[in-house]
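A structural walkthrough
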Amino acid sequence: FPLAALLTYDWRATDLQIPAAHSTNWIGPLGDFFAYYGYCLLGFAVWILPIYCIVISCRIIAGESLRPGIRLLWRSLLLVAAASLLQIMEHNAPGIKLITEKTNVMNAGVVVGYLISDKILIPLFCDIGASVITLIALVTSLIGAVGMKNISAFFVFIFTIKIQVVLIMPSPDDVSLILKI
């Protein structure tokens, strides 16, 4: 639901009256509502929510316990830290500013990122200090939200795929030998 709503969101759909007129969102007016207010509160950090849904769905399918209480706190901190970091990066990364203009979003972190970054962290610590603090909060909350066991399993999976790709790929000597024939 969140992924389809965000992928098919039309930023011109700001008239969110119920019942809505013709909606181009695949989810319908509810998808427009979710995407619009998600962007208004979290900015581009709203793209973490579809990842949450996919991870939680996989854990349910695998039969793992979800432990929603403490994980929800870490996941919320992850959303806040991501919105704050995006807000700080917007000041120094011109690419983010271009994306905000194309998607008609006020700024990369919108309400949450603006309040945490621009009003609290940057006045106290400047851009670099605020970036370091936010990045530490982001990594810490990611470890708390996902768990170190799952993060290490992800890297083992990626490493295994890389080894398999390297074993399948021909070496440059083999390629040059084939091209000579």
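Now for a quick tour of the structure. These figures come from a predicted structure and were not determined experimentally.

Procedures and definitions
Residues numbered from 1 in each chain as written. Predicted model: local features only at pLDDT ≥ 70, side-chain atom pairs only at ≥ 80, totals over all residues. Heavy atoms only, no water. Patch = residues over 30% accessible without salt bridge, like charges linked within 9 Å, V, L, I, M, F, W, Y side chains within 5 Å. Areas by Shrake-Rupley, 256 points an atom, 1.4 Å probe, with all protein chains shown as cover. Salt bridge = Lys/Arg side-chain N within 4 Å of Asp/Glu carboxyl O. Helix = DSSP H or I, 4+ residues; strand = E, 2+ residues; numbered from the N terminus. Buried < 20%, exposed > 50% of the residue type's maximum accessible area, 1.4 Å probe, protein only. Axes fitted to C-alpha atoms, helices over the stretch in contact; angles between N-to-C directions. Parallel < 35°, antiparallel > 145°, perpendicular 65-115°, else oblique. Contact = heavy atoms within 4.5 Å. Nonpolar A, V, L, I, M, F, W, Y, C, P; charged D, E, K, R; others polar.

**Overview of a nonpolar patch on the surface**
- Among the surface-exposed residues, Phe1, Trp26, Ile27, Leu30, Phe33 and Tyr37 lie close enough to one another that they form a single nonpolar patch of about 680 Å² accessible area.
- Position of Leu30 relative to the elements: it lies in helix H2 (residues 29-42).
- Residue classification places Leu30 among the exposed positions, given a relative accessible area of 52%.

**Notes on the environment of Asp32**
- Among the secondary structure elements, Asp32 is positioned in helix H2.
- In this structure Asp32 comes out as buried when scored by relative accessible area, which is 6%.
- Taking the C-alpha atoms as reference points, Asp32 and Tyr9, separated by 23 residues in sequence, lie 6.1 Å from one another.

**Some details on the packing of helix H4 (residues 68-92) against helix H5 (residues 94-103)**
- Remark: H4 packs on H5, axes separated minimally by 6 Å, with the N-to-C direction vectors making an angle of 110 degrees. Relative to H5, H4 is oriented roughly perpendicular. Across the interface between the two elements, Leu86, Met89, Glu90 and Asn92 from H4 touch Pro94, Ile96, Lys97 and Thr100 from H5.
- Split by residue class, the contact of H4 with H5 holds four nonpolar, two polar and two charged.

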